[in-house]
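Overview (structure and organization)
The chain contents come next:
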Amino acid sequence: MEQKRILIIDDNDQIREIMKLTLEYEGYKILTAANGQDGLDLLGEPPRPGLILLDLMMPVMNGWEFIAEINKDQDLKKIPVLVVSAYLESEDLEKSPVDCCGFLEKPVDMQLLNQQIALHYREVP
Amino acid sequence: MNFQETFKLTSGIYLFLNRVGEVVHASSAFRKLPELTGHPTADLVPLCKASLLEVCRRVYGSQENLLFEAQAGPGAGTRKHFQFEAIPSREGVMLVGLETTNRAREIEKLRRNERLLSDAQKTAKVGIWEWSLADQRVEWSPQLYEIYGLTPEMYEPSFEGYLSLVAEEDRDRVREVIGRAISEKSSFSHDEKVLRADGSLRHLHTWGHPELDASGEVTGYIGICQDITDRVRMEMKAHEAFQLYRQIFETAEEGIWIIDRNNVTTHVNKKMARILGYQPAEMIGKTHFEFMDRESRERTQKNMQKRRLGIGEQIEMDLRHKSGDKVWTIIGSSPLFDRDGAYSGAVGMVSDISRRVRSEVLLEAQKNVFEILINGGNLNLALNDIVFALEKLMDGRASILLVSEKGDRLRMGAAPSLPRSFSEAIDGMGIGPDEGACGAAAHSKEVVILPDLRSEEVRPRYRKIAQEFGLGACWSSPILTLNDDCLGTFAIYFTEPKSPSERDLEIVRDATAVAAVTIEYIKLFRKEHKSRKNGKLLADARKVLGSSIDYEYILKKIPEVIVSYVADWCMLTVIDEEGALVPIGGAGEPEQMKYFGELKGYRPDMTAPEGMPKAVRTGLPQLYPFITPDQLEPDPSTGWAIIGTRDPKYLELAKRLGLTSYMAVPILVRHRPVGALFIASSRSDRHYTPEDLEVAMELAHSCGMAMDNARLYKEAKSAVKAREEFISVASHELRTPLTSLKGRADLLATMLERNAFPKEVTQKLSPIIKGLQPDLENFAGLVESLLDVSRLGSARFFLKRHVVDISRVLLETVEKLKGDLDPQGTIVVKKFDPDIVASVDQLRIKQVLINLLTNALKFGKGAPIEVEIFQENSELQLAVRDQGIGISGKDPRRVFRPFERAVSERNFGGLGLGLYISNQIVEGHGGRFELESVPGKGSTFRAIIPL
């Protein structure tokens, strides 16, 4: 059986790495990108991931912009997005709600992360 | 039994008279004495008993013993013979009688009654002694022993022994008195001081009466000794009192005048004599009528009738001075009575009220003045009343001139009786030695008398005026304050040349004094009015300036406040970074406001010698009371104008705004100038005074404070904002590495759990990884606290309320915490109501409980911690009670403030945020925290949340 694929978009190398290690240990195939633009580039190549873990505050292209971009594409917009951010209560988020399937606040509880992933993971054909 | 009664029973003929000749004691034998004839003195025959009394009084008066014989009975055969001796002393007279018809028998009788006498002795503190000259034997009655404080066992009486008891200073005198009496075969009496056995001093009076044998030789003495200590002491007191009265008499502020029953003066004190211009000796012996005119004499005749009836009163009476002048007095007069209650004269306390009577006229005027003023009348009108009063007292026409505001001229104050043209002629008179009488008086501050205005000595200008108005003399008196400042002059004019008498000068002085008080009062009245206004200004200004901490608002308000009270227009400048004064606000009348736009570009030259630049440079306020139009032009020599500029544009502006007086006041903040106020008057009747300057300084001080407060607030506000931002950013930034760290620890833990490593590695790693977890939890908790604080600060703290079974939530929390942190089981749920349902943010309420419990574990010294979760009056109560160290200090509730902790951070770590956040959470739920804490005993935190 093919490995489940998850895309992690986070500008912090450390977080990207440990999430990758953790989820790989759980058996997922992990793709990583340091910002929205890189993530978008990765999505151009199939096979596409069944879930995107997205940070919001990032250089080049932030989380809001990334979501706006994938929502333009009929296929890409079907990929579930879990927002993982330290800024869940920021005014930015209040002003500009994010169209996503769930939020996880940093520091992320890995157990909770696994639960959420299991809940929302959905491979798009 | 008392003395008198005892005496009645004795057979001896005794009589005691006191000092005023009253019979104190009379023995019954005396009472039974028949009518006597005899020859004590030529004019006392026949001797009746009444005559005996009269004899005694005479003897007392002369203080000489009198020995006489008397007979009674009709025929020679039955006639009884008596011998009497009257023995005087200061205490009175003792009359001793002996029936010589059968003397021996009488003496025997006397002896028999000794016992009775002794009682009498005791009662009157009287002792009896007997002295036989032949054998020098002395006998004392027991009472005499008592008087001396001796007993027969201690002391055997003798004459020398007696003398040794007499005080040393009296001894020689006593010896002499007795010796003389023996040689003259006469009685004696004397006072003496004796020393008692107990060492106390007693005053005694001793009478001695010779006993004669048939041949008339003295065989001894029998006598009485009386203890008069008490009376002597009283006398001494009386003497002291007398001295005191004497002193009062001589130094009294009032005249004291004592007359006898015949109205003859017996005593006057110096003051009394002075009132009437005499020496005391000149008045004594004259009746008081001799110091009165006819009218007063008649009144006094009537008044003396009242005195005789014992009535005193206070009367106004005019007396005659030695010079013939009338002296107005008030006399408090009281009758005097002698011991017998007979009228013996009167004493009068006399006050000279002549000046007062004169002053009353002036004071009446002053009263009128004040009334006029209080009712809002004007000063000149008020002063007319004082002028009228002086004119009433003197036959002339008066005027009051006032020193002008600048102090260089005299302006017309009041001259209601002088022609207007005269007033105009002297109005504006200069002050100086060569000016008219008033100018000279104001200059020298002395009374100036020009007795003849026609004389050559008067300056031609004033001579001409005098001639024109038909004035012959002018006396002018300066009106001076207590500080000797001249307020003006009071002048009186006469049509003929005239020099003042002493009395005239006195009246002028009095009138001037009243004028001075009046004018000062008027000034005070106005000043008070002004200072009340100023007080209101300052209060209002502080209110306005204190009402806001908005810097810009305050700068705008300052000139407005000033203009509403003390200025016609006002400009506020502040010092910018380059040290230049920049106008930033102005206020004035609407028509003046339009010029302020042009002032915007005004930058005063800071080197200017006057105005705001000087005020800022020196830090001292500058007062310019009078600005003349030419001072608004550049000074030809310096190029500067009085307002501290030489720019024609701004000088023109000042002229258009109008400027008659101004103040330049620096605004200081912590002693450094931050700006200046230009407070201006454009009216001719408003000239700033030093008092105004004081108010302006106060105002500038308030402005400075307000500006500083506003600035500080602005800074503090940005500092607070910066801190909040820092906490917010820092806590978020902390989250990222924390996420990574926690992720790595979690991953390691998971891998260990799943035996990803060889067994021996797992064994070694396992405790390390386990130890990492609580540290990370703790770290995460601290970061969360910081985040909570930043949320609270930024008003982004909101509660996510849901209806929950809060009892269950809290109980689970306690159980979970007990499992994690309290293996010893110190936490005990003491009281618990199940099924409390509330709409709360359960996570936050849990946070409160966790905070309270972790604190209790931290500070609880391991003693049991009681938890109560219950409902009372539709409130949820969540209480945690520890028995730990408690909270010391005055304000235990400080623990609810951020970054506060009950104890030093050296002993207990933490950020000091837990209780702050808990309190915010509870208050966010509309609840409150109650705190009881006893240092050393423990604390109870009680969160109360309405359901």
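Read on for an overview of the structure. Since the model is a prediction, treat every value here as computed from it, not as a measurement. Along every chain, residues carry numbers that run from 1 in the direction the sequence is written. As a convention, the first chain written is A and the first ligand written is 1, with the rest following in written order. Reporting of local features is limited, given that this is a predicted model, to residues whose pLDDT is at least 70; pairs of side-chain atoms are given and counted only at 80 or more, and all residues count toward the totals for whole chains, interfaces and linings. Each side-chain value is derived from all of the structure's non-hydrogen atoms; neither hydrogens nor water enter the calculation.

**Topic: the overall build of chain B**
Operational definition: By the criteria applied, helices consist of DSSP H or I runs no shorter than four residues and strands consist of E runs no shorter than two, each listed in order from the N terminus. Any residue under 20% of the maximum accessible area for its type is buried, any over 50% is exposed, and the rest in between are partly exposed; the area is computed with a 1.4 Å probe on protein chains only. Contact definition: two residues touch when any of their heavy atoms are within 4.5 Å. Note that accessible areas follow from Shrake-Rupley with a 1.4 Å probe, and for residues the cover is restricted to the protein chains shown.
Regarding its fold elements, chain B presents 27 helices and 34 strands. A buried classification covers 46% of the 947 residues belonging to chain B. Excluding contacts between residues fewer than 6 apart, the proportion of contacts in chain B whose partners are at least 24 apart in sequence is 55%. Of the roughly 48,500 Å² of accessible surface on chain B, 53% is carried by carbon and sulfur atoms.

**Points about the environment of B:Pro152**
For B:Pro152, the position within the fold is in the loop between α6 (142-148) and α7 (159-165). Assessed through its relative accessible area of 49%, B:Pro152 is described here as partly exposed.

**Some points on the sheet that holds strand β10 (residues 201-212) of chain B**
All names here are of chain B. Here is the rule we go by: For two strands to be treated as a pair, DSSP must find at least two bridges joining them. Here the axes come from fitting lines to C-alpha atoms, over the contacting stretch only for helices, and the angles between their N-to-C directions go from 0 to 180 degrees.
Here five strands make up an open sheet; going across it, the order is β8-β7-β11-β10-β9 and the pairing antiparallel. The sheet is open, and its two borders are formed by β8 (137-140) and β9 (188-195), each paired with just one other strand. Averaged over neighbouring strand pairs, the angle between their axes works out to 25° when direction is ignored. Inspection of the sheet shows β9 paired to β10 by eight bridges, in the antiparallel sense. Residue pairing across strands places Phe188 opposite Gly208, the latter belonging to β10. Packing of helix α8 (residues 168-184) onto the sheet brings it into contact with β7 (126-132), β9 and β11 (218-227), and relative to β9 it is tilted by some 155°.

**Some words on α8(B)**
Three- or four-residue spacings in an α-helix give side chains the same orientation, since the helix completes a turn every 3.6 residues. All names here are of chain B. Rules: Under the convention used throughout, the expected extent of a helix is 1.5 Å for every residue step, that is, one less than its residue count.
Its 17 residues place the ends of α8 25 Å apart at the C-alpha level, agreeing with the 24 Å of an ideal helix rising 1.5 Å per residue. On the buried face of α8, the contacting elements are β7, α7, β9 and β11. Looking one or two places after α8, you find Lys185, whose phi comes out positive at around 55°.

**Here we look at the sheet that holds strand β19 (residues 429-430) of chain B**
Taken in spatial order, the six strands of this open sheet run β19-β18-β17-β22-β21-β20 (chain B), and their pairing is antiparallel. Here the strands that pair on one side only, and so sit at the sheet edges, are β19 and β20 (448-450) of chain B.

**What to know about helix α3 (residues 63-70) of chain A**
Residue and element names in this part refer to chain A. Here is the rule: Our arc is simply the arc of the directions from the helix axis toward the C-beta atoms. N or O atoms closer than or at 3.5 Å make up a polar contact, with two conditions inside protein: a donor-capable atom paired with an acceptor-capable one, and, for residues adjacent in sequence, both atoms drawn from side chains.
Looking only at α3, the buried set comprises Gly63, Trp64, Phe66, Ile67 and Ile70. All buried residues of α3 project into a common sector of 160° when viewed along the axis, lining one side. Where α3 begins, the side chain of Asn62 points an oxygen toward the backbone nitrogen of Trp64, at a separation of 3.1 Å.

**Quick word on the pairing of strand β1 (residues 13-17) of chain B**
Residues and elements named next belong to chain B. Burial analysis of β1 places five of its five residues in the buried class, the great majority of the element. Side chains Ile13, Leu15 and Leu17 of β1 all project onto a buried face; the interleaved residues Tyr14 and Phe16 project onto the opposite face, where all are buried too. The pairing of β1 with strand β6 (residues 92-99) spans five bridges and is classified as antiparallel. Pairing of Ile13 across the sheet is with Gly97, part of β6.

These results come straight from atomic positions and should not be treated as a statement about function.
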